[in-house]
Each structure stands twice: as structure tokens, then as C-alpha cells.
Amino acid sequence: MDRRVVVTGLGAVTPLGNDLATSWQAALRGECGIDTVTQFDASILGSQIAGEVKNFDATKYLGVKEVRRFDRFVHFGVAAGIMALEDAGIEVTDELSPEIGVAIGAGIGGIPVITSNYQAMIDRGPRRISPFMIPGCIINMVSGQLAIMKNLKGPNIAHVTACSTGLHAIGEAMHMIKRGDATVMVAGGCESTIHPLAMGAFDAMHALSRRNDDPKTASRPFDKDRDGFVMGEGAGVLILEELEHALARGAKIYAEVVGYGLSGDAFHITTPSTDGPRRCMEMAIRHAGIQPSDIAYLNAHGTSTSVGDVNEVKAIKEVFGEHAKKLVVNSTKSMTGHLLGGAGGVESVFTVMAVKNQISPPTINVQNQDPECDIDCCANEAREMTIEYAMKNSFGFGGTNSTVIYKRWHD
């Protein structure tokens, strides 16, 4: 069984806005959601900036008790999932319920809940550990809670593959539909680790930007003066649906999901290789049944790290050859920061919107483009363009890689 899969709903919570429309319009304007950290006093850290979600009211999506019990990443994932389901307009009947699954992952999960309970134990003893600590922080609780709230009885899973998480979730959900395990999948990624321990750990690796005096220009993929990535938080969720089911109910269709690749570098826990991303992109192109030259737009992993950006550009050149010069390769992380496990979800939302609206968001902060990143990165301004096929890349620690290809839907 090899059924076609389309995107019929989108949901997003990002540093650019608390819903899809706000986030997308801000991205097109080239706005930056990065600023000085407000969730804690970051003055003790070398990097004191992040892409925080602002003015988010979790009680719009969860009860007051659930908000207290669940970590912030769960709030974001559930909210994005609810928004995506509402956008798709799917009626969850008793008959359809076992055919709707959830695959929303995170890369790290509930560090704030874990550390706060640990501190409570140290300060006041083990009886002060919350009985809700474990369900409040485990990564699969986003999929679990959303399924409970919306009566979704299909496959229920949570991928954890570092910064490839969200995109792996989408690709694997596509395969579940193709082989007949589900008719609809709610898929994507979320993260909320703007926390002293998480930021301090990345800072200890010298991975984070220390452009504290100018946060809006700190995330600068492909720019020669980049000095590390910027932490972000939020969630991006897609509704994937079997084509005939979507057509039968008159659903609006954003795009078709036509290719998925995944690979391992088997090289180093944090340093990337070119080989893994190359094979990952080639697999997705092969599965899509297209030529590299068919792809017009690529939403890059593009983290704003010195090694990562160059490595990805080299891999792109190996895959696309001369066509690499014609590709528009942008990084929306320049505006949101890096959402870790949520990156592939949020950036897939932006990629699908780019295909639907035939426009590339900009890569902002490209003031002195790195000669080793000599690609068309849609620098600083959005660009209207024809996009029949778009590629999305996500790469993670441990050498885990994912690529998904989206195709324009013609009514």
C-alpha cells in the first residue's frame, strides 16, 4: 500500500507569534523574535539571549491544573496540535478516531520540571517531589495529552532525535499513512529549554552566540561574522492526511508530502559530516521520484554555527551540482533562533507556507556573507518565486539527519 499524503492543517507557537498567521507574516517581514532572556536572570551566563515565546496563555488550550502539572514544552506542543486540528477542520467521530494518530516529539523535554523537583527534594526532602513530575516532563506526554483531549486513538508516538526530531516525526508519520496504519497524523515537534542548565550546557560547548549587546542580529546563518546559534522555543505541528480522505471531505490542501530521507553520519557526537546530509537529501529526492533540479526552495538547517553552515552548504552542492546556484536556500532560524527538537516542526510550517504562497521568507542578518556559504540565501528580504518542490533539512547531535520534500498542490 502506497497512499498519497497531503498537509491539511498547520499550527504554530513561535518567538514570532502565538499562532500561524502572526508567525508567518512576521517571518515574511523579516522580524526577529530574539531578545535578552526574561525567564530567568541570565547575567551569569556567557550567552544571555534567546528566542522566547511571548505573552502565551496556556489556559486557552489546557485547564489550569494541567498547566501547572505539565512542562512548558507540553503547553506549546498541545497548543500547536489543537490549532492544527482546528485549521484542518477534522471531525473526530467514533469511527474515525482509531484512524487519527499523533507523533509530536521534543529533543530534550522537561528540564524545568525536573530541576525544580530536584531542588524541592534537596531543600525540603523527597516528600516535596510532585506526583505529577514524571508525566509532567516526559517527552511523549505531548502526544499522549493531545490524544486524550481530542480522542485520537491511532498510532501514538514521540520521536527523540535531537534537532532532527520534528522532521523525523513528520517523515515517519507520512509513512504510517502510506502503509495504511493511519488515515490522519498530527505530527511535528516542540521544545522549551530556555533554562539556566540547558543554556549553560550549550554555552559550555561554546555553541551559543554571545552577541548579547545586539540580540536582533545574533542569529546570522551564512554570515561570516556568525558566532553560534541562539536558543529558541515553541512548536510546529502539521496535519498529514491520506489524499482521498482529504478530497472526500472537501479539505483545504496546503501541499503534498512526497519525499523523506534519513541517515546517520556515524562520525562524531556533535561535529557534522557532509556524507550523512548528502545521503539524506538524495534519499528524499529518490523517494519523491524527482530530479534535484526540480527543487526551487530549500529551508536549511542553517543554525548560524561556523562549522554547521559550511558543512550543509557543501552537502547541498554535492547533491545539486550546478543547480545549487539556482536554489533559494534560506534559514528562518535567523528570526526564531534554534528550537532544537521543535525546529523541524516550525520550519516545516514555514516551508509549507512558502510552497502554498509561492514566496520565500528571508534569511535576515546577512551583512557579510561567508564566501564558503556561496548560495542564494534570500538575504534580508522575502522573495516571490515559483516553488513546485521545496526541501526541508534538519540535522542533530549524534549525526542524525532528516529531509522532507513538499510539493505544490494544484486544485
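Every value quoted in this text rests on a predicted model; they were computed, and no experiment measured them. (Residues numbered from 1 in each chain as written. Predicted model: local features only at pLDDT ≥ 70, side-chain atom pairs only at ≥ 80, totals over all residues. Heavy atoms only, no water.)

(A) Quick peek at the packing of aromatic side chains. Under the defined criterion, the tally for this structure stands at five aromatic pairs. An angle of 10 degrees between the planes, with centres 6.0 Å apart, marks the rings of Phe56 and Tyr61 as stacked. In this pair, the class of Phe56 matches that of Tyr61, namely buried. Ring plane angle 75 degrees and centroid distance 5.1 Å describe the contact between Phe56 and Phe76, whose orientation is recorded as edge-to-face. Highlighted residues: Phe56 in the loop between strand E3 (49-50) and helix H2 (64-69) and Phe76 in helix H3 (residues 72-88), separated in sequence by 20 residues. Of the residues examined, Phe56 reaches a relative accessible area of 17% and is grouped as buried. In this structure Phe76 comes out as buried when scored by relative accessible area, which is 0%. Here a set of aromatic residues connected by ring pairs shows up, and it is made of Phe56, Tyr61 and Phe76. In this structure, Arg69 is placed above the aromatic ring of Phe132, and the distance from its NZ or CZ to the ring centre is 3.9 Å. (Phe/Tyr/Trp six-rings, centres within 6.5 Å; stacked < 30°, edge-to-face > 60°. Buried < 20%, exposed > 50% of the residue type's maximum accessible area, 1.4 Å probe, protein only. Helix = DSSP H or I, 4+ residues; strand = E, 2+ residues; numbered from the N terminus. Lys NZ or Arg CZ within 6 Å of the ring centre and 35° of its normal.)

(B) Main features of the state of the cysteines. By the definition in use, this model includes zero disulfides. For Cys163, which is in no disulfide, the shortest distance to another cysteine sulfur is to Cys190 and amounts to 13 Å. Looking at Cys163, the relative accessible area reads 12%, which means it is buried. Here Cys190 is not disulfide-linked; the sulfur of Cys137 is the nearest cysteine sulfur, at 13 Å. Using a relative accessible area of 0% as the deciding quantity, one classes Cys190 as buried. (Disulfide = S-S within 2.5 Å.)

(C) Quick peek at helix H7 (residues 165-178). In this model H7 runs 20 Å from its N-terminal to its C-terminal C-alpha over 14 residues, within 8% of the 20 Å that 1.5 Å per residue would give. Of all the 14 residues making up H7, twelve are buried; the element is thus mostly covered by neighbouring parts of the structure. For H7, the set of buried residues is Thr165, Gly166, Leu167, His168, Ala169, Ile170, Gly171, Ala173, Met174, Met176, Ile177 and Lys178. One or two steps after H7, the chain reaches Gly180, where phi turns positive at roughly 90 degrees. (Expected span 1.5 Å × (residues − 1).)

(D) Representation of the pairing of strand E13 (residues 389-396) in the model. Along E13, eight of the eight residues are buried, which leaves the element largely enclosed by surrounding structure. Burial of E13 is two-sided: the residues Tyr389, Met391, Asn393 and Phe395 facing one way and the residues Ala390, Lys392, Ser394 and Gly396 facing the other way are all buried. Strand direction decides the pairing type here: strand E9 (residues 295-299) and E13, joined by four bridges, are parallel. Bridge pairing in E13 links Ile295 to Tyr389. In the sheet, E13 pairs with strand E14 (residues 400-408) via eight bridges, with the strands oriented antiparallel. Paired with Ala390 across the bridge in E14 is Tyr406. (Pairing = 2+ DSSP bridges.)

(E) Fine view of the pattern of salt bridges. A complete count under the given rule lists 21 salt bridges for this structure. Between Arg179 and Asp181 there is a salt bridge; the shortest N-O distance is 2.4 Å. Judged by relative accessible area, which is 38%, Asp181 ranks as partly exposed. For Asp275, the salt bridge goes to Arg279, with nearest N and O atoms at 2.9 Å. Taken together, the positions of Asp275 and Arg279, both in helix H10 (residues 275-288) and four residues apart, correspond to about one turn of that helix. Judged by its relative accessible area of 33%, Asp275 is partly exposed. On the basis of relative accessible area, Arg279 is assigned to the partly exposed category, the value being 31%. Each of the salt bridges in this network shares a partner with another, and the network as a whole consists of Asp275, Arg278, Arg279, Glu282 and Glu318. (Salt bridge = Lys/Arg side-chain N within 4 Å of Asp/Glu carboxyl O.)

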